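# Coordinate analysis (summary)
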Amino acid sequence: MKVLITGTASGIGKAAALLFLEKGHHVFGIDKNERVINHKNYTHYIADITQKDRLPEIDNVEILINNAGSQTPDDSQIDFDIETNLKGTIYVTQKYAFQPKIKSVLFNASVSALNGNEFAGYVASKGGVVSYMKHTAIKLANNYKATCNALCFGGVITELNKPVMEDKVLWNKIMAVTPLKRWATAEEAAEWIFFMTAVNTFCTGQAIEVSGGERNCADLFVWE
């Protein structure tokens, strides 16, 4: 199938792209950074998802994975997370999802969208993504019989999260409220993405928590 993934230069997006390629799909990636995947079935576009008039022309997308996002640890920069995580995601969805070839749309949300933990702009933007997913799911089902869901990951081992993983005090607090006592790998996250888009054909409109059982840890964290 023709798969479009945003944020393929690193982390979950890169892992997802590699998995789809391994399974024989044609993958198109959008990222602000340079190409990092070399494969005959991979096409890379350098673009910012917040610039809706500069998104590349990619026709007949069958699977759309909204993965690109940001997390700004500063409540004075709320607008940045809203622009990227919510508005940028909406722009991408509007451009590529609503057409007859679409089979599935997936949003990379966050467990923070469900429990309210972490920074204000990040939580608000990801909560908005979940609400927009539900709106999109209804529209896609009614018009194209396509599925649409959100995965709400807890911690995932990526370069972006290294500062958290290397902070022993913070890491111990996180593990105290995570029953499985570890974070997911990017490859595990990619397996969930693949299942919910390429395998699943009936579950739709759902925000699925994939967090290792992480509980609301607001009583342990002070986010500044």
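Please refer to the structure higher up on the page.
Computed from a prediction, not measured in an experiment: that's the story for all the values here.

This part takes up unusual backbone geometry. Positive phi values are uncommon outside glycine, yet N60 reaches one of about 55°. Inspection of the secondary structure assignment puts N60 in the loop between β3 (42–46) and β4 (63–66). Taking the relative accessible area as the measure of exposure, N60 reaches 44% and is therefore partly exposed. Although it is not a glycine, K181 adopts a positive phi angle of roughly 60°. Mapped onto the secondary structure, K181 falls in the loop between α6 (168–176) and β8 (184–185).

Further remarks concern the pattern of salt bridges. Under the counting rule described, the total for this entry stands at four salt bridges. R182 serves as the salt-bridge partner of E188, at 2.9 Å between the closest nitrogen and oxygen.

The next point concerns the nonpolar core. Counting residues in each nonpolar core, the largest one holds 30 residues, and the members touching the most others are L4, L64, Y96, V105 and F107. Of all elements in the fold, only β2 (26–31), α2 (78–96), β5 (104–108), α4 (120–144) and β6 (147–153) reach the threshold of two or more residues within this core. Among the elements that line this core, the one with the most residues is α4, at six residues. If you look at the next biggest cluster of nonpolar residues, it comprises 26 residues, including I5, L151, F153 and V156.

Let's shift gears to the packing of α2 against α4. One can describe the packing of α2 onto α4 by two numbers: an axis separation of 7 Å at closest approach and a directional angle of 20°. Between α2 and α4, the crossing angle belongs to the class labelled roughly parallel. Our pair here, α2 against α4, has a crossing hand that is right-handed. Between α2, through I78, D81, I82, N85, L86, I90, T93 and Q94, and α4, the contact on the second element is made entirely by A120, G121, Y122, A124, S125, K126, G128, V129, Y132 and T136. The residue inventory of the contact of α2 with α4, partitioned by class, reads nine nonpolar, seven polar and two charged.

Criteria and cut-off values
- Residues numbered from 1 in each chain as written.
- Predicted model: local features only at pLDDT ≥ 70, side-chain atom pairs only at ≥ 80, totals over all residues.
- Heavy atoms only, no water.
- Helix = DSSP H or I, 4+ residues; strand = E, 2+ residues; numbered from the N terminus.
- Buried < 20%, exposed > 50% of the residue type's maximum accessible area, 1.4 Å probe, protein only.
- Salt bridge = Lys/Arg side-chain N within 4 Å of Asp/Glu carboxyl O.
- Core = buried A, V, L, I, M, F, W, Y, C linked by side-chain atoms within 4.5 Å.
- Axes fitted to C-alpha atoms, helices over the stretch in contact; angles between N-to-C directions.
- Parallel < 35°, antiparallel > 145°, perpendicular 65-115°, else oblique.
- Left-handed = near helix turned anticlockwise from the far one by under 90°.
- Contact = heavy atoms within 4.5 Å.
- Nonpolar A, V, L, I, M, F, W, Y, C, P; charged D, E, K, R; others polar.

Spatial relationships are all this shows, so hold off on functional conclusions.
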